[in-house]
Amino acid sequence: MDSVSSAMARADSYEIDSASSAITVFTPNPGRRFVCLYLALQAEANGSVQVQSASTDVSGPVNLTSGEIYQFQAAPYPVFIGRAAGEALRIANPGTVQINGTALVYEWEVRT
């Protein structure tokens, strides 16, 4: 099994359905970082969001148009990786717009 297939086999899909100002998509276990392989977002109204590792932005502003699907994908590479062990994959949603979507995420053990 190649490394891409191995990563995909470890990944789980997480649904996003929230209008919260800080949407937690996935929180890794202690000693692990999140690795996001795919992220799709759809807003029910026009808005702008940012992807975060805990409370630190790891993307610039992403302008979402009502009803349109915005996809982050870079197969075979991750689109986002947690900055430090234990930091959650979050969506900052300052306009508190209803956001729906899905993320394909797995955990990566941090070795020192």
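Residues numbered from 1 in each chain as written. Predicted model: local features only at pLDDT ≥ 70, side-chain atom pairs only at ≥ 80, totals over all residues. Heavy atoms only, no water.

Got a minute to help me understand the overall build of the chain in this structure?
For the chain, the helix and strand inventory stands at 1 helix and 10 strands. The order of α-helices and β-strands along the chain, N terminus first, is α-β-β-β-β-β-β-β-β-β-β. A globule of 112 residues ought to have a C-alpha radius of gyration of about 13 Å, and the chain, at 14 Å, matches this closely. Projected onto its principal axes, the C-alpha positions of the chain cover 40 × 25 × 20 Å. When the 112 residues of the chain are sorted by exposure, 36% land in the buried category. Working note: accessible area of the chain is about 6,100 Å², and carbon and sulfur atoms make up 47% of it. Counting 6 positive and 10 negative side-chain charges, the chain places the centres of these two groups 13 Å from one another. (Helix = DSSP H or I, 4+ residues; strand = E, 2+ residues; numbered from the N terminus. Rg over C-alpha atoms; globule rule 2.2 N^0.38 Å. Buried < 20%, exposed > 50% of the residue type's maximum accessible area, 1.4 Å probe, protein only. Areas by Shrake-Rupley, 256 points an atom, 1.4 Å probe, with all protein chains shown as cover. Lys, Arg positive; Asp, Glu negative; His and termini not counted. Charge placed at Lys NZ, Arg CZ, Asp CG, Glu CD.)

What is the right way to look at unusual backbone geometry in this model?
For the bond from A75 to P76, the omega torsion is 10°, close enough to zero to count as cis. As for its position among the elements, P76 is in the loop between strand 7 (69-73) and strand 8 (80-81). Even without glycine at this site, A54 takes up a positive phi of about 60°. The phi dihedral of T96 is positive, around 45°, even though this residue is not glycine. Inspection of the secondary structure assignment puts T96 in the loop between strand 9 (89-92) and strand 10 (99-109). Residue classification places T96 among the partly exposed positions, given a relative accessible area of 43%.

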